[in-house]
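Coordinate analysis (summary)
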Number of protein chains: 4
Amino acid sequence: MLKVGIVGATGYTGSELVRLLHFHPEAEIAFITSESHKGKKFSDIHPQFRNIVDIELETVDNIDPESVDVIFLALPHGVSIEFVEKFINYDVKIIDLSGDFRLSSKSVYEEWYKKEHSFEDGFNQAVFGLPELWPEEIEKAKLVANPGCFPTGAILTTAPLVKSNLVDKSRIVIDSKTGITGAGIKAKEVTHFPNVNDNFKPYGVKFHRHTIEIQEQLSKVGNTETIIQFTPHLLPIDRGILTSAYLIPTKKITEETVLNIYKEFYNDSYFIRIVDETPEVKNVRGTNFVDIYPTYDERTNTILVFSAIDNLVKGASGEAIQNMNLMFGLKEETGLNQIPLKP
Amino acid sequence: MLKVGIVGATGYTGSELVRLLHFHPEAEIAFITSESHKGKKFSDIHPQFRNIVDIELETVDNIDPESVDVIFLALPHGVSIEFVEKFINYDVKIIDLSGDFRLSSKSVYEEWYKKEHSFEDGFNQAVFGLPELWPEEIEKAKLVANPGCFPTGAILTTAPLVKSNLVDKSRIVIDSKTGITGAGIKAKEVTHFPNVNDNFKPYGVKFHRHTIEIQEQLSKVGNTETIIQFTPHLLPIDRGILTSAYLIPTKKITEETVLNIYKEFYNDSYFIRIVDETPEVKNVRGTNFVDIYPTYDERTNTILVFSAIDNLVKGASGEAIQNMNLMFGLKEETGLNQIPLKP
Amino acid sequence: MLKVGIVGATGYTGSELVRLLHFHPEAEIAFITSESHKGKKFSDIHPQFRNIVDIELETVDNIDPESVDVIFLALPHGVSIEFVEKFINYDVKIIDLSGDFRLSSKSVYEEWYKKEHSFEDGFNQAVFGLPELWPEEIEKAKLVANPGCFPTGAILTTAPLVKSNLVDKSRIVIDSKTGITGAGIKAKEVTHFPNVNDNFKPYGVKFHRHTIEIQEQLSKVGNTETIIQFTPHLLPIDRGILTSAYLIPTKKITEETVLNIYKEFYNDSYFIRIVDETPEVKNVRGTNFVDIYPTYDERTNTILVFSAIDNLVKGASGEAIQNMNLMFGLKEETGLNQIPLKP
Amino acid sequence: MLKVGIVGATGYTGSELVRLLHFHPEAEIAFITSESHKGKKFSDIHPQFRNIVDIELETVDNIDPESVDVIFLALPHGVSIEFVEKFINYDVKIIDLSGDFRLSSKSVYEEWYKKEHSFEDGFNQAVFGLPELWPEEIEKAKLVANPGCFPTGAILTTAPLVKSNLVDKSRIVIDSKTGITGAGIKAKEVTHFPNVNDNFKPYGVKFHRHTIEIQEQLSKVGNTETIIQFTPHLLPIDRGILTSAYLIPTKKITEETVLNIYKEFYNDSYFIRIVDETPEVKNVRGTNFVDIYPTYDERTNTILVFSAIDNLVKGASGEAIQNMNLMFGLKEETGLNQIPLKP
C-alpha cells in the first residue's frame, strides 16, 4: 500500500486528489497539509467530504517527507518551486501539479511566466507527466511535472498527427474552451457569477502561458519545431475542456487514414476513447477519460480534431494519480475507474 | 453475488442504477431491457458509459425473471403496473421506482393520479421503501415501492418532529426546490433550456401528487393524520432537491431539543448528516447522502428544517439500491460510498 | 427636463439607473460620480455601454448638489449615511438606494445591522419608497429610502391580505429565492461561479436584515404588529426574486375573495400584474413589473401567494426611478416601459 | 408611420420582432398571425408581454397584404417559400427571416439544404440583407432575405480582411459558439436542459448549412472564391454568438494595419463597435450591436478576429428591422437603440 502525502489542500486540485485517492485500492493518504487552515478538518474546508474525509490538516513543517512514498504538490504556480527544492533531497517521489517545472528551461519559463525561477536544476530532473506520451520516462522519474489542463487536451488532440509527419507544423490552430474551475477556487472578478453566467469570451489571446507548453511537447513528439495558435475561451460551466484543432495535411489524405493514425497511436491508452461523433464535456465529467473525434474535410482539405476532458481530473488530479500509478508499477487506471456523472 | 435485472434503461433512473451498481461489490447486472432500443448497446443510449458498460439491451420478453435475485423497474408511472403484476408471481424480488405502488390504496392513487389502477392487490404487498423509516419491513419485502424524490426529501426533513409529537400536525409548510432531471430524460416544453435557464418558478401548486405520499407517510410516522402544504419549485440545475420546512411547536421548545430529536432519530442512519449550517445541494451531488439542518427561531416560535438530497440518487436510484441492500441482508451503504462531485 | 445626479457608478444599481434613465423622456443624467474610478469613462467600468454612455466619472467633491433636481445614492449600506447627511441641507431631493434609512429608528437599525448609525435625524425625514403603498408620502418627500429587494417582493406579495385583516398576522411564512446580483458586483466567495452554479441553498436564516424591514412595513399597512418568518435562498441565476408566501386565514374565505382583494388593492398600480398561473422570474426580467399569483388551498385552509420581480429593477433602480417620477409629478411609469428580455 | 405585419408569432424571432417594433418610433404593428394559435392573444403565447402586447393573433388567410407596408416572415426554413411566392405579387415589401432565399440559386440551396425548392424565381428577386455590406441594394429591395445568425457574425468578422485582399482566401477558419436559442423555441433533445447545462460540444461539423451562406457572401465581398472552415459549437446560454476567426496574411502586415482596415470598413456602421479587448456576448445582449476585436499575432503570422452578437437581434430580428429601416429611407438605427441587459 503506497503512502501518499498531499501538500496544499484548499484548492480544487487538492480536493480532487482526495476524492480520487480515498478509494484507491493501492494507496492511502497519510497526510494533507494546509498552512492557512492547519488544525481544521479537511471537511471544514470542503464540506462535501463531511463524514467521509475528516482528517486534520497539518502544517508542512511537521511532516516527515520520508514517511510517505510520494508527495503531491497541489500548490499555485511559483509556490511549488521551494517545496520541490526542499523535497528533492529526500527519499520520496514528487508529483508537482503546478506549472513550475513543465517547461524545458529556466529561461523559457521566465519568458512566458514573466517571473524569476529560483531552482534551475529542477528542470533537469523533472519529467513531463503526460502518460500517453512518455510512460517510460515517467516510470523512472523522481520528479514529475504534471501537465497543464489546456496542454493535456491540446497535446492529446494533435500529437498523433504531429508525430505522423502528415501535417503542416507551422500552422496549427487550437481553439480551446474551458470551464471556470480552471481559474481556481479563489473568488476573483473573472469568476464572479454574473460575469460568467450566460456569457462567453476568449481570453489570454496570443500570449497564454500554456502555448509554450503545448509547443514544446508537440515539437518533441514530432521531432521538429511546431508552431501553434492557441486561444482559450471561458465557458459558463464548472468543469471540462473542449479542444477544437485545425490542421493542414501536407500530403494527400483520407478520413480513414486519419482515423487509423489515432487508433494506432492510442492503442494501449486506457483513458483515450476514439469516438465517432462530436465529443461533449459532460460525457467525461468527473473522470480521467479523453474523448477524441478526428475527422477530415475533403472540401477544404483540412483535418479537424475535437476532444473533451475534465480539466480537474485528466487535466490535473486524475492525471497526477495516473502518473503515480506508473511511477510505482501499477496499472495506469488503478483507482481511476470512475463513471462520468451525467447529467 | 446478487444477480440484478433492470427493466427500463433509457431514463435517468436507469442510467443511475447502472452507474451505482456497476461497482457494487455484492451485485452484478445480469440484464438491462429497453423496448425502444433493444439490440443497441447501453452506451449507445448513454454515451458517457462508452468502454465501461457496453452490454446489449434486451427486450423484456426474452428475459427469465427467475434468472436474477431482484428486478428494478425504472419505468414511468402507469407503465410499472403491468410489470409488477407480471413479476410478482415469480421467485424474484421487485423494486419499483415508479409511483404506482407508493400510496395506501387504489382509491387514493386514482384520486391523486387521475387515472385508473389495474392491480389493486399490489398495494397490499408493496412496502414503502424509505430505509430510514421502515428498515424491518423492507428487509422482509417481496415488492418495494421506492419513494418519490420530493417525498424522500420532505419526509426525512420532518419525520423526527412529527414522531416527537411536539409540532402542530395540521399545518406543516414544505417549500421544495428541485433540479430539472426530476422531469425526466424526455424533452418537453418545461425542460427546454431557454425556459429553465436564468429562470425560476413554482409549479404543481396545491395539487402535486407527491403531497399525498408525504402526508400518508408522516401520518404513519406520527400515528395521527398530518396535513402538509407542499409546493415544488423548478431550479435551473440538473440535480438536487432542497427542502425548506416550517413547523409550529405545540410545546415550549429549545434549539437544543430540536437538534437532539434529529440526532437521536437518525443515530443509526449512515446517509443522514446532521449539519450545523444551511445545506446546499452540491454537497451531496451524485451521492446517497442527506444533509439536514434543523433550527429553532425563538423570535417567531417556529422550527425550520432544511435538507439537501440528490434527486436521482437518494431521491431514486441510490435509495433503490439501499433498499436492495436491506432486502438481501447487506449493510445499507454497500456500494453507495460515492463522494460528492463538487464543484 | 429633470436634471439627475448619480452618486456611485460602479455597482449594479448604478449601471441599472443609467440603463433606465438614459432614455427617460423627462430626465437627463447630469453627472455620475465614482471615487475609485474618477476620470475614467462610465463605459470603461461597464463596457456594455460603449458608444452609448461614455460620460466621464467625477469625484463627488466636484459636484454641486443644487445643479440637479434629484440625486440617487447608489452606495453600499453604511456609506450612504454621510452623503444623506451632507446633501439634506441643499435644495435637492435625495433617493437613497441603500438600507441606511429604511427602518423606523436608529435603535432598530443598530439592532439588526449590528453597527452604529451616525445620523439619527435622517430617520425622521426619510419616506419608505414603496410607491404601491405610500404614493402620497413619496410625492412630498425630500428624502426617499428606496426599499430593499426582498422587502419589495415580500411586502407587495402579502400587503393586500395583511391590510384586509383576514389573516393571522403572527405567523406569515415568506420563503424567498433570489438571483446572485443581489450580492453585489464585487467578487466574493459566495458569488464565485462554482459555488453558485448547479447549486442552491438557504442563507441568512432567522436573522436576515430584510426581516425587520418587511415586518415594519406590514405592521404599518395592517396597523397591527405583524410577525414574519423570512428565509432567503440563493438561485444560480443573475436576476430575479421569487417570493412564496404562506398565510393562514382567520375567517372563512374563498379563492374568489382572495383574488378580489388583490385586484382591488392594486387597481391603480401600473406595474402590478395579477396573473392566473404561477409566475416566473424571466417574465419580468429587466423591467419594473411585479407578477403576483394569489390562490387559496381549501384542503389545508392556507392562502398561498407567489410573486416575481427583477431584483435590480423593481427591487432597486427601477423602483427608485418610479419614486422619482412620483416626487416630480410625473406618471409613475414614465421611462419605465421596458419589455422583459426573454429568453 | 409604417404599417407592419408579422407572419409567424410563436417563435423567438417573432417575439423579438414584437419586442423591438413595439416602441419603434416610425412603425406600428398592424397584425400578427399564427395558424396554431389564432384567436389567442400574443401574450398568451409569450406571457412576458402581458399588459404590454395583448393583440389577438390572426390567421394568415384573413389578412390583406396590401394593408401594410412591409411583412416580416418569421417562419421556419421551407415554410417561408410559399408565403414569399404568395406575397411577392402584392404591393408590399417582404423581409424573410428564414434561410429560403439567402443563397445564390435553387441548386445551391438544394445541395446544402437537402430538400427541393419550389420557387426558383425568388432567388433573383431576393437581396441578401446584411446592411453593413449591401445597403444600397437593400434600400431598393422588394424582397430581403435576412441573413442567418452564424453568417451575420462570421461575415462581419472577416469581410474587411477578405475585401482587403491581404489574406489567404482558401483557408479561413471560423470557430463559432452559439447560445441555444439558435435552435428555436420548440423543445427537442438537443435543447433539453440537462443535455445543455454544464455541457459544451461542437456540432454540424463540415456540413452546416451556414457554411455556404458565409462562403458565398465573402466570395462576393472579395470578388474571388473564398473557402471557409466553419464549425459551430453549442453554449449553455440563451443568447449570443461568439465568432473566433483565424486568417493567414498573404503580405507583410502589422497590428495597426489590421486595426485600420476594420475601422475604415466600418466607419459608417452604427452598430459595429471595434473594441480593444476580447469581446463577450453579454456586452451586446438584447441589442443590435456587434463588438469586433481584430488582432495580429506576429509570432505565428496569423490574424485573429473575435466578435460578439446577440443571435436573436443582430442575428435575426434586429437586423430585419435594420433592413426595414433602410428599405423605407429611415436611419438604420431607428428603434434599435436598446442598451444591453447586463448582467
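Residues numbered from 1 in each chain as written. Chains lettered and ligands numbered in written order. Predicted model: local features only at pLDDT ≥ 70, side-chain atom pairs only at ≥ 80, totals over all residues. Heavy atoms only, no water.

What follows deals with the confidence of the model for chain A. The pLDDT averaged across chain A works out to 98; a share of 100% of its residues lies at or above 70. Both scores are available for the predicted complex, with the pTM at 0.98 and the ipTM at 0.97. (pLDDT = per-residue confidence, 0-100.)

Turning next to the relation of the copies chain A and chain D. Each copy of the sequence occupies a distinct position, and chain A is placed on chain D by a rotation of 180° and an axial shift of 0.0 Å, giving an RMSD of 0.0 Å. Such a combination of rotation and displacement between the chain copies is what one expects of a two-fold axis. No C-alpha of chain A lies nearer the rotation axis than that of P236 of chain A, which sits 3.5 Å from it. Mapped onto chain D, 100% of the interface residues of chain A are again interface residues, and the two copies thus contact each other with one and the same surface. (Least-squares fit on C-alpha atoms with pLDDT ≥ 70 in both. Contact = heavy atoms within 4.5 Å.)

Another aspect to go through is the interface of chain A and chain D. On the side of chain D, 49 residues touch chain A, which itself brings 49 residues to the contact. Between chain A and chain D the total buried area reaches about 4,100 Å² when both faces are included, carbon and sulfur atoms providing 53% of it. Counting across the chain A and chain D interface gives eight salt bridges. Between D198 of chain A and R285 of chain D there is a salt bridge, with its nearest N and O atoms 3.9 Å apart. In this structure, the connection of chain A to chain D is made through 42 residue pairs in polar contact (both at pLDDT 80 or more). (Buried area = accessible area lost by both parts, 1.4 Å probe. Salt bridge = Lys/Arg side-chain N within 4 Å of Asp/Glu carboxyl O. Polar contact = N/O pair within 3.5 Å; in protein donor to acceptor, adjacent residues only side chain to side chain.)

Before going further, it helps to spend a moment on the interface of chain A and chain C. With 20 residues of chain A in contact, the opposing surface of chain C contributes 20 residues. Of the roughly 1,400 Å² buried at the junction of chain A and chain C (both faces included), carbon and sulfur atoms supply 59%. Contact with chain C buries surface across chain A, with H192, F193 and D238 of chain A losing the most and accounting together for 45% of the total. Joining chain A to chain C, the criterion identifies zero salt bridges. Per element, the largest residue contribution to the side of chain A that touches chain C is four residues, and it comes from helix α8 (residues 193-196) of chain A. Grouping the amino acids of the side of chain A that touches chain C by side-chain chemistry returns nine nonpolar, six polar and five charged. (Helix = DSSP H or I, 4+ residues; strand = E, 2+ residues; numbered from the N terminus. Nonpolar A, V, L, I, M, F, W, Y, C, P; charged D, E, K, R; others polar.)

Before going further, it helps to examine helix α10 (residues 255-265) of chain C. Residues and elements named next belong to chain C. Within α10, burial applies to V258, I261 and Y262. Each buried residue of α10 lies within a common arc of 90° when the element is viewed along its axis, so the set occupies one face. Away from its buried face, by an angle of more than 90 degrees, α10 presents the exposed residues E256 and E264. Looking at the packing, one finds that the buried side of α10 touches α7 (149-164), β11 (272-274), β12 (290-297) and β13 (302-309). (Buried < 20%, exposed > 50% of the residue type's maximum accessible area, 1.4 Å probe, protein only. Arc of directions from axis to C-beta.)

Residue and element names in this part refer to chain B. With mixed pairing, the seven strands of this open sheet are ordered in space as β8-β9-β7-β10-β13-β12-β11. The two strands at the open ends of the sheet, each matched to only one other strand, are β8 (201-202) and β11 (272-274). In terms of strand pairing, β8 meets strand β9 (residues 228-234) through two bridges, oriented antiparallel. Counted as the bridge partner of K201 is L234 from β9. (Pairing = 2+ DSSP bridges.)

The next subject is the sheet that holds strand β9 (residues 228-234) of chain C. Residue and element names in this part refer to chain C. The sheet built from seven strands is open, its strands ordered β8-β9-β7-β10-β13-β12-β11 with mixed pairing. Strands with a single pairing partner mark the edges of an open sheet, and in this sheet they are β8 (201-202) and β11. The sheet contacts of helix α9 (residues 210-222) involve β7 (172-178) and β9, and relative to β9 the element is tilted by about 140°. Strands β11, β12 and β13 of the sheet are contacted by α10, whose axis makes an angle of about 155° with β12. (Axes fitted to C-alpha atoms, helices over the stretch in contact; angles between N-to-C directions.)

Our focus in this paragraph is the packing of aromatic side chains. In total, this model carries 55 aromatic pairs over all chains according to the counting rule given. Residues F150 of chain A and F230 of chain A carry aromatic rings whose centres are separated by 5.2 Å and whose planes lie at 65° to one another, so their mutual orientation is edge-to-face. Of this pair, F150 of chain A sits in helix α7 (residues 149-164) while F230 of chain A sits in strand β9 (residues 228-234), placing them 80 residues apart in sequence. In terms of burial, F150 of chain A and F230 of chain A fall into one category: buried. Among the aromatic residues, ring-to-ring pairing joins F101, Y109, Y113, F119 and F123 of chain A into one connected group. Its guanidinium or amino end placed over the ring of W134 of chain B, K220 of chain B lies 4.0 Å from that ring's centre, counting from NZ or CZ. (Phe/Tyr/Trp six-rings, centres within 6.5 Å; stacked < 30°, edge-to-face > 60°. Lys NZ or Arg CZ within 6 Å of the ring centre and 35° of its normal.)

We now examine unusual backbone geometry. Note: most residues except glycine have negative phi, and most peptide bonds are trans. Note that the residue after K342 of chain A, namely P343 of chain A, is joined by a cis bond; omega there is 5°. Tracing the chain through its elements places P343 of chain A in the segment after α11 (313-327). Even without being a glycine, K206 of chain A presents a positive backbone phi close to 80°. For K206 of chain A, the position within the fold is in the loop between β8 (201-202) and α9 (210-222). Its identity as a non-glycine residue notwithstanding, K114 of chain D has a phi of 55°, on the positive side. Residue placement: K114 of chain D occurs in the loop between α4 (106-113) and α5 (121-125).

Before going further, it helps to examine empty space enclosed by the protein. Taken as a whole, this structure holds nine cavities of 30 Å³ or more when the rule is applied. When contributions to the lining of the largest cavity are tallied by element, the ones reaching two or more residues are β7 (172-178), β9 and β10 (241-247) of chain A together with β7 (172-178), β9 (228-234) and β10 (241-247) of chain D. Taken together, the residues that form the lining of the largest cavity break down as 14 nonpolar, eight polar and two charged. One number sums up the size of the second largest cavity: a volume of about 150 Å³. Among the elements of the structure, β7 (172-178), β9 and β10 (241-247) of chain B together with β10 (241-247) of chain C are those that each provide at least two residues to the lining of the second largest cavity. (1 Å grid on protein atoms, 1.4 Å probe; cavity = no way out; pocket = protein on both sides within 12 Å on 5 of 7 lines; lining within 4 Å. Points joined across faces, edges and corners; volume = space filled by probe spheres on them.)

Residue and element names in this part refer to chain A. When the terminal C-alpha atoms of α11 are compared, their 18 Å separation across 15 residues is substantially less than the 21 Å that a helix rising 1.5 Å per residue should span. In terms of burial, α11 is a largely internal element, 15 of the 15 residues being buried. Taken from the residues just after α11, G329 is the one with a positive phi, measuring 75°. (Expected span 1.5 Å × (residues − 1).)

In this section: the pattern of salt bridges. In the structure shown here, the tally under the stated rule is 76 salt bridges over all chains. Here K314 of chain B ties to E132 of chain B by a salt bridge, and the two come within 2.8 Å at their closest N and O atoms. With K314 of chain B in helix α11 (residues 313-327) and E132 of chain B in the loop between β5 (126-128) and α6 (135-140), the pair connects residues that are 182 residues apart, well separated along the chain. Each member of the pair, K314 of chain B together with E132 of chain B, is buried. Residue R50 of chain D pairs with E277 of chain C through a salt bridge whose shortest N-O separation is 3.3 Å. In this pair, R50 of chain D is assigned in the loop between α2 (42-45) and β3 (70-73) and E277 of chain C in the loop between β11 and β12, connecting two distinct chains. One continuous salt-bridge network, built from bridges that share partners, spans E16, R19, R239 and D310 of chain A.

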